[in-house]
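Descriptive structure summary
Spelled out, the chains give:
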Amino acid sequence: DAPGNKAGTMERLSSHTVRGLEGKLLRAFRYLYEGALFKAKGLGNEVLAAEGVTPGAVRYVLAQWVVGMVHMFYRDFDRAILVFRDLVQVITDDRITLNVAGTELTVVRWEAFFQLGVAHYTWREYGPALSAFQKALDLAGPTCDDCGLWYNTALTLLHGRLEDEEDVPPADLATAARLLDTALPLAQDRGQRDCVLYRRAQVCHLASDPTQAIGFLRQLSSIS
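Residues numbered from 1 in each chain as written. Predicted model: local features only at pLDDT ≥ 70, side-chain atom pairs only at ≥ 80, totals over all residues. Heavy atoms only, no water.

Moving on: the packing of helix 2 (residues 37-49) against helix 3 (residues 58-73). Put simply, helix 2 and helix 3 touch, their axes get as near as 8 Å, and they point 150° apart. The angle between helix 2 and helix 3 falls in the class roughly antiparallel. Handedness of the helix 2/helix 3 crossing: left-handed. Two secondary-structure elements touch here, helix 2 through Leu37, Ala40, Lys41, Gly44, Asn45, Val47 and Leu48 and helix 3 through Arg59, Tyr60, Ala63, Gln64, Val66, Val67, Val70, His71 and Phe73. Across the contact of helix 2 with helix 3, the residue classes tally to ten nonpolar, four polar and two charged. (Axes fitted to C-alpha atoms, helices over the stretch in contact; angles between N-to-C directions. Helix = DSSP H or I, 4+ residues; strand = E, 2+ residues; numbered from the N terminus. Parallel < 35°, antiparallel > 145°, perpendicular 65-115°, else oblique. Left-handed = near helix turned anticlockwise from the far one by under 90°. Contact = heavy atoms within 4.5 Å. Nonpolar A, V, L, I, M, F, W, Y, C, P; charged D, E, K, R; others polar.)

Structure below.
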């Protein structure tokens, strides 16, 4: 095959090689969540470079996820943006899953958009961040129980305006309030809940409703 065109090579791989690639992916995921980032990235790149691993294939998506998350953990956000931007373009299924030795390795498409949004937000690129978060919300659906997705979408909507010292339009304030109201009962701990409450109070302040803002601030764990 010509360079960059590996179509059809998967069928020629031996079963031993396939097991080897899957084993590398399993170890890469384990290293990632154990914090052994250098090892995780190395194995991820080995899988990406293997013959038969084509963009969009399950092994490609999983390996790219590992490499992208390593960049996120290292706070190397410019490289993370490149990886996740590529990843959201090649994932064609909402959920990519590979079972390796009884362990499911899974990448969910909306989570790739979420990580892309986080990377853009950290660079204060609020427009691209908001687009990524909104796409993640569209894919995750209204029943999504991830507090961080709802919260980060609202936060980005606000910061994009506040960073430019612009007044936040009433429609955006209403949207941010709705997003934060959805996030609040999904908070998994006191820290998450306090973040949502503080931003909800900020929305009330921006909407010239100090009474309701004080009500949210009084619910903060550091005050109550």
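Positive phi outside glycine occurs at Arg75, with the angle close to 60°. When you line up the elements, Arg75 lands in the loop between helix 3 and helix 4 (77-90). Positive phi outside glycine occurs at Ser208, with the angle close to 60°.

For the rest of this paragraph, the subject is the pairing of strand 1 (residues 95-100). Only one face of strand 1 is covered, namely the face carrying Ile96, Leu98 and Val100; the face carrying Arg95, Thr97 and Asn99 is uncovered. Connecting strand 1 to the antiparallel partner strand 2 (residues 103-108) that follows it, the hairpin turn spans two residues, and Ala101 within it adopts a positive phi of roughly 50°. (Buried < 20%, exposed > 50% of the residue type's maximum accessible area, 1.4 Å probe, protein only. Pairing = 2+ DSSP bridges.)

In this section: the packing of helix 3 against helix 4. Axes are the key here: two packed helices are described by the angle between their axes and the distance separating the axes. For the pair helix 3 and helix 4, interaxial distance at closest approach is 8 Å and the crossing angle is 155°. In terms of their interaxial angle, helix 3 and helix 4 are classed as roughly antiparallel. As for how helix 3 packs across helix 4, the hand of that crossing is left-handed. Residues Tyr60, Val61, Gln64, Trp65, Val67, Gly68, Met69, His71 and Met72 of helix 3 form the contact with helix 4, whose participating residues are Phe77, Arg79, Ala80, Val83, Phe84, Asp86, Leu87 and Val90.

What follows covers the environment of Leu173. By the secondary structure assignment, Leu173 is in helix 8 (residues 170-183). Linking Leu173 and Leu157, residues 16 residues apart in sequence, is a C-alpha distance of 8.6 Å.

By size, the foremost hydrophobic cluster in this structure holds 71 residues, and its most contacted members are Leu62, Trp65, Phe84, Leu87, Trp110 and Leu149. Core analysis: the second largest hydrophobic core is formed by six residues, Ala201, Cys204, Ala213 and Phe216 among them. (Core = buried A, V, L, I, M, F, W, Y, C linked by side-chain atoms within 4.5 Å.)

Scanning the model with the defined rule gives five aromatic pairs in all. Between Trp110 and Phe114 the ring centres are 6.4 Å apart and the planes differ by 80°, which places this aromatic pair in the edge-to-face class. Linking Trp110 with Phe114, this pair stays in helix 5 (residues 109-122), spanning four residues, or about one helical turn. You'll find Trp110 and Phe114 in the same group, each marked buried. Look at Tyr121 and Tyr126: their rings are 5.3 Å apart centre to centre, the planes differ by 65°, and that puts the pair in the edge-to-face class. Here Tyr121 and Tyr126 have matching classes, each one buried. Cluster of aromatic residues (ring-pair linked, three or more members): Trp110, Phe114 and Phe133. (Phe/Tyr/Trp six-rings, centres within 6.5 Å; stacked < 30°, edge-to-face > 60°.)

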